[in-house]
Amino acid sequence: MAKKNPAGKRSAQGPKPAYGKVRLAETDIGTTVFRTDPLIVKDHYEIDYIHSYAEDSRFFRDLTEGKLSGSECTGCGYRFATPRAYCMECGAATRWMELPLEGRVHTWTTCYFGSEAFLKETPFNLALIEFEGVNTLLLTRLIGATEKEIRVGMTVKAKFRRLAQFKPTDVYFVPAEKP
Amino acid sequence: MRPVYMISGGITKFTKAEPRKSFRVMVKEAFDYAMRDCPKLTRERIDGTVVSYFSDHFTRQLKAGVMAVDMCGLVPKPTIRVEGGGATGGLCFQEAWRHVASGWLDCVVAMGFETMSHVNTWKGNEFIALASDTNFDYPVGGFYTGYYAMMVVRHMHEFGTTVEQLAQVSVKNHRNALHNRWAQHHYDLTIEDVRRSPMVAYPLTMLDICTMSDGAAVAILASEEVAEQVCANPVRVLGVGMGSDAMRMADRPHGEVILLKHEDPKWYKGLKYPGVHSFRAGRMACKMAYEKARIEDPREDLDFVELHDAYTSSEIQTYEDMGLCKYGDGGKFIEQGHPELTGMIPVNPSGGLIACGHPVGATGLMQAVFAFWQLQGTIAKHNEGDGYIQVKQKKSPGRRRMRGAIHSHAGTGTYVTVSILESTR
């Protein structure tokens, strides 16, 4: 630390300048380096969003009560298995409607690789489900059947998590009969 | 709208990871290549730029567009960034076209890039999957290969398309790429090789899917006046078209086919369209581009197509959207060899995304550059003397000039652009 002049007294040369003497405190925060030429370092980034389900909120609340909610257009009657506030066909507002808990596999896949968030869950099945009298589909996980067993058109039924996570995976589908 | 010409283009060789160059330098290199190829064009004649890159997550640099522009010495001229998923490059090309066609600017550089190596592949898959509905799709297991796999499973169910037919697309595109020095993968494959490679999402294997890449591409567009003054061999943008569809595949309707001029409604009785087996946006884009370019029958009126084959399955689905064959016949179309280099209409003579890679913001512009060289007849010049993939004009009565189409496509068919280019030779 710089030596201070006696209080209130100034030397003949005036106050001694501090610059040149100040320095940033050192830390033990280092950087992960993968290679040096070119210099490649680890650069961390993380964020928690304050995400509102807004007009879709009821869908997620209904899942906790074992109900699947879609949308029905108040103008043209078009019925959407995945809810949406306004009709894509005619633009009118929709109202909530309850979907049957049984449907058919419209199409499917088994993922052996995936996004980082779901990598530990592989292999998993994705399926688009069609419902009687409903115009559009619902994307879901299908469990209880393997790649060799799943068929387009097979009957499946909805199951719900007992402890909700308020995610679309609170509902999932299983084969209605033994595949 | 006034006539617009492409007067030059440049690309970097796409690669899985290019840590020695930032996106700015990659764009600059592609830009310099284009400027060298059109020596009479000076920077002073360029009026502005349009820049495309898909994901701020990959770049982790907001307003990255202007950084590419300032590296090229093109500030303080007007610039804008465009983004639309996988079709980002195609949208960039068309935005530059609009700048010139409208008469606002006379010479515009469309420049695109992506640096996808900045995260690991599984994180990259996550970033890409954020381009699906984050309330209803992404949390279920967001993975684009999974989405396309579901689309083609339905295609197989509806039309009897086979996994071998998918594999044939990979074989064809990789084989074309053996003669393209700009391609990333030079593989001589068999159908069995494709089927034996690791399964990613049934039925798509590793070799059915393009590679996330680093790279840049540039296309320079100009008015007739500028083109005449600076370019000996320009290519005319004959017509552009664009289409869209619902973000969620689940929302796609099951209605009637949007017909092209040469199609008969009787072909599609009982077919529910587009469902998840076809890309309505692609059909819409084609219909519009064909009408603008006065194309009656694409099978006759186009000499080649560079289309968005992020997956072998989407190439087959796109043959149908583009009217190269009937809906449902895409599998047979490749099986019969029609899109091969020597077939009825060569598709992806460059090797496409499957062999060249898919640095998203650059991809649509890469297609423009390959198409430009094809129509100039300069493939060999840009390809170390190898002109094997140079397509020749079909013999068709009543048409004097060679034509090609470029097709750029975003996730599950949400945005699709189609642009028709014509030689002036």
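Anything mentioned here points back to the structure above.
Everything numeric in this text was worked out from a predicted model, so none of it was measured.

Asker: Please provide a residue-by-residue account of the packing of helix 1 (residues 23–36) of chain B against helix 3 (residues 64–71) of chain B, values included.
Answerer: A packed helix pair is summarised by two numbers, namely the angle formed by the two axes and the spacing between the axes. Residues and elements named next belong to chain B. Here helix 1 crosses helix 3 at 50°, and the two axes come no closer than 8 Å. Considered as vectors, helix 1 and helix 3 are oriented oblique to each other. Classified by chirality, the crossing of helix 3 by helix 1 is right-handed. Residue-level contacts link Phe23, Arg24, Val27 and Lys28 of helix 1 to Ala64, Met67, Ala68 and Met71 of helix 3.

Asker: Could you give an account of the packing of aromatic side chains, with specific residues and numbers?
Answerer: For the coordinates displayed, the defined rule picks out 24 aromatic pairs over all chains. Judged by centre distance (5.6 Å) and plane angle (65°), the rings of B:Tyr268 and B:Tyr327 are edge-to-face. Here B:Tyr327 lies in the loop between helix 13 (312–321) and helix 14 (330–335) and B:Tyr268 lies in the loop between strand 9 (254–255) and strand 10 (273–274), a separation of 59 residues in the sequence. Residue class for B:Tyr268 comes out buried when judged on its relative accessible area of 7%. Classification of B:Tyr327 by relative accessible area gives buried; the value is 5%. Taking the centre distance of 6.1 Å and the plane angle of 70° together, the rings of B:Phe370 and B:Trp373 count as edge-to-face. You can see B:Phe370 and its partner B:Trp373 sitting in helix 16 (residues 360–376), three residues apart, about one turn around the helix. Across the pair, B:Trp373 and B:Phe370 agree in class, each one buried. Feature note: the residues B:Tyr144, B:Tyr147, B:Tyr148, B:Phe279 and B:Tyr311 constitute an aromatic cluster, connected by ring pairs. Sitting over the face of the ring of A:Phe124, A:Arg141 holds its NZ or CZ atom 3.9 Å from the ring centroid. Between B:Arg181 and the ring centre of B:Trp182, over which it is positioned, the NZ or CZ distance is 4.1 Å.

The rules behind these values
- Residues numbered from 1 in each chain as written.
- Chains lettered and ligands numbered in written order.
- Predicted model: local features only at pLDDT ≥ 70, side-chain atom pairs only at ≥ 80, totals over all residues.
- Heavy atoms only, no water.
- Axes fitted to C-alpha atoms, helices over the stretch in contact; angles between N-to-C directions.
- Helix = DSSP H or I, 4+ residues; strand = E, 2+ residues; numbered from the N terminus.
- Parallel < 35°, antiparallel > 145°, perpendicular 65-115°, else oblique.
- Left-handed = near helix turned anticlockwise from the far one by under 90°.
- Contact = heavy atoms within 4.5 Å.
- Phe/Tyr/Trp six-rings, centres within 6.5 Å; stacked < 30°, edge-to-face > 60°.
- Buried < 20%, exposed > 50% of the residue type's maximum accessible area, 1.4 Å probe, protein only.
- Lys NZ or Arg CZ within 6 Å of the ring centre and 35° of its normal.

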